[in-house]
Amino acid sequence: MAFVAEGDAPAIPMLQAECRRLGLPLLGAVLPELLGDNHFHRQGMVAIFFSRMPRHLLLDGLNSDGVALDQAMTKIAGLSIAGEQGTLFLVFDGMLPNIASCLEGLYRNISEQINFTGISAGSETFKPMPCLFSGQRQVGNGVLALFLHHDPGAVLEHGYQVPEKMVMATAAQGNCITSIDWRPAFDVYRQSVLENYGVTITAENFYQYGAHFPFGLIRADGIPLVRIPVALAEDGSLFCVGEIPENSVLALLHAVSAGSSDTVQAMVHKASFLVSDPLCCFYCAGRRMHLGVSEAEREVSQLAAALDRRLIGGLSLGEIGSIRQGGYPLFHNAAIVCSSLGNVDD
Amino acid sequence: MTETNYLAVLYEMALLTSSEMDSDALIGKLLQRLLFHTGFPVGAYIEYDLQHTAAGAEVEARVVRVLGCNRLAALTGQVRSLPAGLASDKSGVVEDAPLLARVFETPDHSVMLRLSVPGCGGFFLFTSTMPDSTLHLVHLFTPVLNNFSRVLKMCRRYERQTELHLKSNFMLQSVLDTIPVRVYWKDLHGRYLGCNRLFARDAGLDDPARLQGLSAAEMPWQSLRQQFRDDDHAVVAEGKTILGKEYTLPVAGGRELTLTVNKVPLRDETGEVIGVLGAYDDISARKQMELQLIEARAAAEQANHAKSEFVSNMSHELRTPLNAIIGFSQLLEGNHEGNLTSSQLDEVSEIYHAGTHLLGLINQLLDLSKIEAGRIELSMEPVSVQDVINDCVALIRSLTAKRSIELQVMVQPDAGSVRADYMRLKQVVLNLLSNAIKYNNEQGQVVISCYRLPDDHLRIDVRDTGPGLSAAEQARLFKTFDRLGAENSGIEGTGIGLVLSKRLVELMGGVIGVTSAVGQGATFWVKLATAPGQGEARSFEGVTAAAGPQQVVSEIASTTPAVSEPGRPSVPGKSWRVLYIEDNPANLALVRAIISGQRKHLAFFEAISASAGLAQAKRHLPDLILTDINLPGTNGYQLLQQIRGIDGMEDVPVIAISANALDRDIRRGLDAGFFDYIVKPLNVATFLKAVDRAVLARTH
């Protein structure tokens, strides 16, 4: 399996050709940047070799109607076999607006007590691109799914906290919030950021600040689901990574602070079952944008040191998993996710 | 979590619980949302009834929905016994891995969070590790689940009602679709509200539901739109009911249907008119059948007419030669010249009898033909059965003598009268007597008896001592031309007599039948209604006909060839002239022979055509004109008119002599002004009587 840096995405056909020549099965995704040696890299490839190719699917066309989506999720559910322990690793195209719905549909279909983890891939500029590939084809608007036999799952954490003040997404569809509290979404967002953080956001600097002031979907167990706004439409609608259900109660979250080790500590606390070395680590691109590259690399170094593992992986546009190990899988933003990625005794 | 956070979650969950009317979908959505909010990986919705379970007892519970665990999902739909500690009306946490594993067969889950749904059951969330705190979750979801309980009950009630409604609708639609009548109903604005499948098909729709909302403007029967609108208006505005109105309706596919339309006001439960209910009955097939029947009847009538014409023509054609045969044989039998030997007279007699037999056959065929055509006319009147029997006995005596049959007549004194046609009843009785004699054993016995029945009927029995009839033979009786094998017996017969008798009796409202057994003779009987007020008693007569040398009796025997005494009108010095116009030389010769032989005082003139006849009439001014009807060129009726146009001939009697022997022919002739109408073949005596009467009338 190959994670290719966006900067080297043009080389994917060559990689495919070479794998075909060697008779190696290939699956992969394009990530904004790669992670290795506790640093982010704009170019290169992380390759993970499986002694036996896991059961897998590469599906596209998930941006179509509900029936096709249900059929796709049913196919993916078929990767797990009743009674089998393992982890379903999913890589979605980050441009899909309905990843959370896909996950819910998949969970309804799968009904098997397995672990879920994964990321969304693509360009950090959110330009559509065929970011998923196999040895034969390269697709967008799809998902790459692997069932990793005996894999114990992943550790996922974002460390974002829920503030007291709430707003409500009164009109939303997919990952687009049209209005908040019955007003244009951007107006409310700008006003909230100004009132809470004293920062004036304009259409021009929106992308620069969005990662610092993400929305959170409030959950009853107190851990919010982070939704980073990444684009602004002319009518004031906000586009997030991940869906916002209509009438969702949102909070303008306190992003993690630079220098904080809360997230790392929380991860280490839960990561005792991750025994392999190196571990696969995906770091949210939005989180890195908020913290900055050096602070993000510091956090990664701190995590690697605390776990006493090497970390390889890349920047992700969204993360799949549960804050609690073996818990209900959700589509997160701003999270760090670590897993063995099948690198276990089989 | 702050208070605001809780309220936010409550708000979202409250919206969720009111977002679905489908109970299964609602349960599924809420279950998934509970997993979303709690992070528990596995959840189930389980229903149980605590109200009807004793405290501390196990609870019968049904697993309704499961998410996140295949093994638990396998229990979906099953009823499980839950220990009292698991099923409760209170929310709470159960941390008892062995118990959970035993009950739910999921060894991986040591912790269960029960979120009670009051009055319904609860959401059971499972996980393998104890969360930091579940107390706030229990409190948080309590109002949500209380609300969910009410919504779920409403959903279930709505689903039951919907199901009943659908079943009821389905049943109604099934009934409507099954009945062979087109049914629809419209609102007050003429918009269709519904219909059955037959109506939808006529409207060109494959599904009755597609008619809803359409108007008459969108139907194929545009030519009748205004009429339908007027009907609907009458039904809605005046509360009128339209029943059995016929329309020819153009329907989808270019077909046309003939329909009877019924329309009644459609009313709501308060009786207010809310539209029109219509039912169309397709009578196209019936109409088509009626048309075919009319055509068939016309064809049958035409065929019958043709047949009657044929029979009439044949009768005419057969009577014409018979006229010569019977007429001349009668003249010869009279032996007026005295030059015929006894042997020759016997031979002449054979010719005469063969001729009369043939004539009888023709007459019977004519009668049958008339009955079948429904053209026989009966003169129904009170008829004395005694008189009929007397007449018949008189006529049949010669036959009894010939076959040495003893004929006994036994008429009940108060037998009285029946309602019948005298001549036709006589024909029937004569036929039965004739058969009884013909098919009897030599020196056998025939008894004709008549007696009243208790039910105002009178029965005539004709009993013979013949060989009798088997059941099979009896079944073949009364069938045309079936002589039961007597064809080769040498006994004269046509196979028509009994058929004719049966038809005549039935036409007179009676019944004819037979009782017989092989070797025990047969009794043919006729049952007729007595004539009202005609039951006066007559003296009982028991007559035994003595055998004697009399003539063979047949229909024509009533006018036996016994030649009349020559009559001469008492006008001294008057020369009486008779003109006969006839194109058939044989007929001409016969009448010439009769007149010249037996009415020597009459001067006889003849003509072989109408024009020649007219010329003769002008020249001789005859006292009596005899004319054929079917003359070439000018028929007898035209000729009669022309004769009346000759000076001095205005009142001269003109007698028609024709082989057109149907009743209608005779009536027509008399109505046209003929003095008399004599049918061929001529009975010499009858003919001479008519001639004498005409001459006598001229004298006066």
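Nothing here was measured: the structure is a model prediction, and the numbers come from that model.

> Hey, could you run me through the overall build of chain A in this one?
Each helix and strand in chain A was counted, giving 8 helices and 25 strands. When the 346 residues of chain A are sorted by exposure, 60% land in the buried category. Considering only contacts in chain A between residues 6 or more positions apart, those separated by 24 or more positions represent 78%. Counting every atom, chain A has about 13100 Å² of accessible surface; 51% of that belongs to carbon and sulfur.

> What am I meant to see in the packing of aromatic side chains here?
Remark: the centre distance and the inter-plane angle together describe each pair of aromatic rings, the angle taken between the planes. Residue and element names in this part refer to chain B. Under the definition given, this model contains 25 aromatic pairs over all chains. Both rings, one in Phe 104 and one in Phe 124, keep their centres 6.0 Å apart while their planes meet at 70°; by these two values the pair is edge-to-face. Here Phe 104, found in helix α4 (residues 97-104), pairs with Phe 124, found in strand β6 (residues 121-127); they are 20 residues apart in sequence, far enough to count as distant. The exposure class of Phe 124 is buried, given its relative accessible area of 0%. Here Phe 199 and Trp 221 contribute two aromatic rings whose centre-to-centre distance is 5.5 Å and whose plane-to-plane angle is 70°, an arrangement assigned as edge-to-face.

> Just to check I follow, could you spell out the sheet that holds strand β6 (residues 55-59) of chain A for this structure?
Hydrogen bonding along the main chain pairs the strands of a sheet, whether they run parallel or antiparallel. All names here are of chain A. The 6 strands lie next to each other as β6-β11-β7-β8-β23-β24, forming an open sheet whose pairing is mixed. Since the sheet does not close on itself, it has two edges, and those belong to β6 and β24 (330-332), each with one partner. Geometrically, the sheet is characterised by an average inter-axis angle of 15° between neighbouring strands, direction not taken into account. Inspection of the sheet shows strand β23 (residues 318-321) paired to β24 by 3 bridges, in the antiparallel sense. In the strand pairing of β24, Glu 319 is matched with His 332. The sheet strands contacting helix α2 (residues 66-77) are β6, β7 (86-93) and β11 (143-149), and the helix crosses β6 at an angle near 165°. Packed onto the sheet, helix α3 (residues 99-110) meets β7, β8 (115-121), β23 and β24 and runs at close to 150° relative to β7.

> Looking at this model, I keep getting lost on a nonpolar patch on the surface. Mind explaining?
On the surface, Leu22(A), Leu24(A) and Phe49(A) cluster together into a nonpolar patch covering about 350 Å² of accessible area. If you trace the backbone, Leu22(A) turns up in helix α1 (residues 12-22).

> When you look at the layout of surface pockets in this model, what are you seeing that I'm missing?
Empty space among the atoms can be located by rolling a probe the size of a water molecule over them. Roughly 980 Å³ of volume is contained in the second largest pocket. Looking at the second largest pocket, it is lined by 37 residues, and the ones nearest its centre are Ser101(A), Glu104(A), Pro245(A), Lys29(B) and Arg33(B). At the level of elements, α2, α3, β13 (166-173), β17 (225-227) and β24 of chain A together with α1 (3-17) and α2 (23-38) of chain B are the ones that each hand at least two residues to the lining of the second largest pocket. A total of 7 residues in the lining of the second largest pocket trace back to one element, the largest contributor, which is α3(A).

Rules and cut-offs
- Residues numbered from 1 in each chain as written.
- Chains lettered and ligands numbered in written order.
- Predicted model: local features only at pLDDT ≥ 70, side-chain atom pairs only at ≥ 80, totals over all residues.
- Heavy atoms only, no water.
- Helix = DSSP H or I, 4+ residues; strand = E, 2+ residues; numbered from the N terminus.
- Buried < 20%, exposed > 50% of the residue type's maximum accessible area, 1.4 Å probe, protein only.
- Contact = heavy atoms within 4.5 Å.
- Areas by Shrake-Rupley, 256 points an atom, 1.4 Å probe, with all protein chains shown as cover.
- Phe/Tyr/Trp six-rings, centres within 6.5 Å; stacked < 30°, edge-to-face > 60°.
- Pairing = 2+ DSSP bridges.
- Axes fitted to C-alpha atoms, helices over the stretch in contact; angles between N-to-C directions.
- Patch = residues over 30% accessible without salt bridge, like charges linked within 9 Å, V, L, I, M, F, W, Y side chains within 5 Å.
- Salt bridge = Lys/Arg side-chain N within 4 Å of Asp/Glu carboxyl O.
- 1 Å grid on protein atoms, 1.4 Å probe; cavity = no way out; pocket = protein on both sides within 12 Å on 5 of 7 lines; lining within 4 Å.
- Points joined across faces, edges and corners; volume = space filled by probe spheres on them.

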